[in-house]
Amino acid sequence: MTAAAELRVTRDAGRLTVHVRGELDFAYEDQLVTVVTEALDEDRSAPLILDLTGLQFIDSSGLRAVLRCQQLAQAQLRLRVVQGPVTRLFDIAGVTDRFEYV
Amino acid sequence: MSDLPPPPAPGAGEAAGGRAEPTQVAALRFSIQLPAAPISVSVARAALTAVAQSIIPDRVHAAELVLSELVTNAIRHGSPHPDDTIEVDIDIDLDRLSAQVRDRGPAFTLRAHPPTGDQVGGFGLYIAAMTSHLTVRHDGHGNVVTFTMPRALTGVPSGPGPRPATSGHPIQHPPRGPGGGQRKRLSASE
């Protein structure tokens, strides 16, 4: 049994959302960046939502993936989070204020 | 109903009168050897969780996070050859959980600064050190990175938010936003 991240892109009212579920670590870092890069290629005009509410686990490689996505998307990126592994990690790393949220 | 056998007498390892308490696992040790590939990070977590979930449920999330960071670091920086392996020894005793992660990389020291500015990397060992007591030594073959955390949460309720300081290791939360305050980073000096 190995944990996996599941990445899915949806479009709602013209707004793209990348949903990440499961466990985001080293094995899925590049994959998330690739998916976000493709979503940005598709639409550079609207906010891109990165929905992290379905994550059960994230570590510094997952954080690194999210920060890389932010570098690519810049102000276009918004995160959706709930209290849990993501907010705990962001607090420990001191990066909570580096992101915009929806 | 009445012909059930009487409950067994408490065994030698059980606390007196602790009828309703599950037998506490006193000590447990296991080792795993993993290929130096990204998928090994979740395999290490799954192995730890499978063993620790029933013994130290309050500590599993924190332990998984630290182990994830150390195994990732060993793969990223401590595995110069494709067939290198990462060795993980996990040791749970009455008071604490500890784990050693051994790699084949060049020696590094732990430094006390968090990543700054717009850096995207360098958080791994910092996060590990904020969550556990962390040491590193080089044994001539590679680095031996050890983390230790108390087995029990010491009177602090678990819940959202950063892990409390429970190991005697000073925990400092880096200030929000750019600029000020004291910062602390522990990371591999490549």
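The structure under discussion appears in the preceding block.
Residues numbered from 1 in each chain as written. Chains lettered and ligands numbered in written order. Predicted model: local features only at pLDDT ≥ 70, side-chain atom pairs only at ≥ 80, totals over all residues. Heavy atoms only, no water.

**Q** For this particular structure, what's the right way to read the overall build of chain A?
**A** Secondary structure assignment for chain A yields three helices and four strands. Going from the N terminus to the C terminus, chain A shows its helices and strands as β-β-α-β-α-β-α. Relative to the compact-globule value of 13 Å for 102 residues, chain A shows a C-alpha radius of gyration of 12 Å, a close match. In terms of its C-alpha atoms, chain A occupies a principal-axis envelope of roughly 35 × 30 × 20 Å. (Helix = DSSP H or I, 4+ residues; strand = E, 2+ residues; numbered from the N terminus. Rg over C-alpha atoms; globule rule 2.2 N^0.38 Å.)

**Q** For this particular structure, what's the right way to read the side chain of S42(B)?
**A** Residues and elements named next belong to chain B. Mapping S42 onto the fold places it in helix 1 (residues 40-52). Exposure remark for S42: the relative accessible area of 3% places this residue in the buried category. In this structure the side chain of S42 is engaged in a polar contact, spanning 3.2 Å, whose partner is the backbone oxygen of I39. (Buried < 20%, exposed > 50% of the residue type's maximum accessible area, 1.4 Å probe, protein only. Polar contact = N/O pair within 3.5 Å; in protein donor to acceptor, adjacent residues only side chain to side chain.)

**Q** Which parts of the structure should I look at to understand the nonpolar core?
**A** One recurring pattern in soluble globular proteins: nonpolar side chains tend to sit buried together. Judged by nonpolar contacts, the single largest core of 39 residues is most densely connected at V18(A), L32(A), L50(A), L52(A) and L63(A). Mapped onto this core, the elements with two or more residues apiece are strand 2 (15-24), helix 1 (26-42), strand 3 (48-58), helix 2 (60-73), strand 4 (77-80) and helix 3 (85-93) of chain A together with helix 3 (124-131) of chain B. Of all the elements, helix 1 of chain A adds the most residues to this core, at seven residues. Excluding residues that lie within four positions of it along the chain, L52(A) makes contacts with V20(A), V66(A), L79(A), R80(A), V81(A), V86(A) and F90(A). Ranked by size, the runner-up nonpolar core spans 33 residues in total, among them I86(B), A128(B), A129(B) and L134(B). (Core = buried A, V, L, I, M, F, W, Y, C linked by side-chain atoms within 4.5 Å. Contact = heavy atoms within 4.5 Å.)

**Q** How do you make sense of the interface of chain A and chain B when you look at a structure like this?
**A** How big an interface is tends to be expressed through the accessible area that disappears when the partners come together. Taken together, the 31 residues of chain A in the interface contact 35 residues of chain B. Roughly 2800 Å² is buried in total at the junction of chain A and chain B, and carbon and sulfur atoms are behind 60% of that figure. Ranking the residues of chain A by area buried against chain B places F26(A), R88(A) and I92(A) at the top, with a combined share of 26%. The interface formed by chain A and chain B holds three salt bridges in total. Between R76(B) and E29(A) there is a salt bridge, with the nearest N and O atoms lying 2.7 Å from each other. Listing elements by their share of the side of chain A that touches chain B, those giving two or more residues are helix 1, strand 3, helix 2 and helix 3 of chain A. For the side of chain A that touches chain B, the leading source of residues is helix 2 of chain A, giving seven residues. (Buried area = accessible area lost by both parts, 1.4 Å probe. Salt bridge = Lys/Arg side-chain N within 4 Å of Asp/Glu carboxyl O.)

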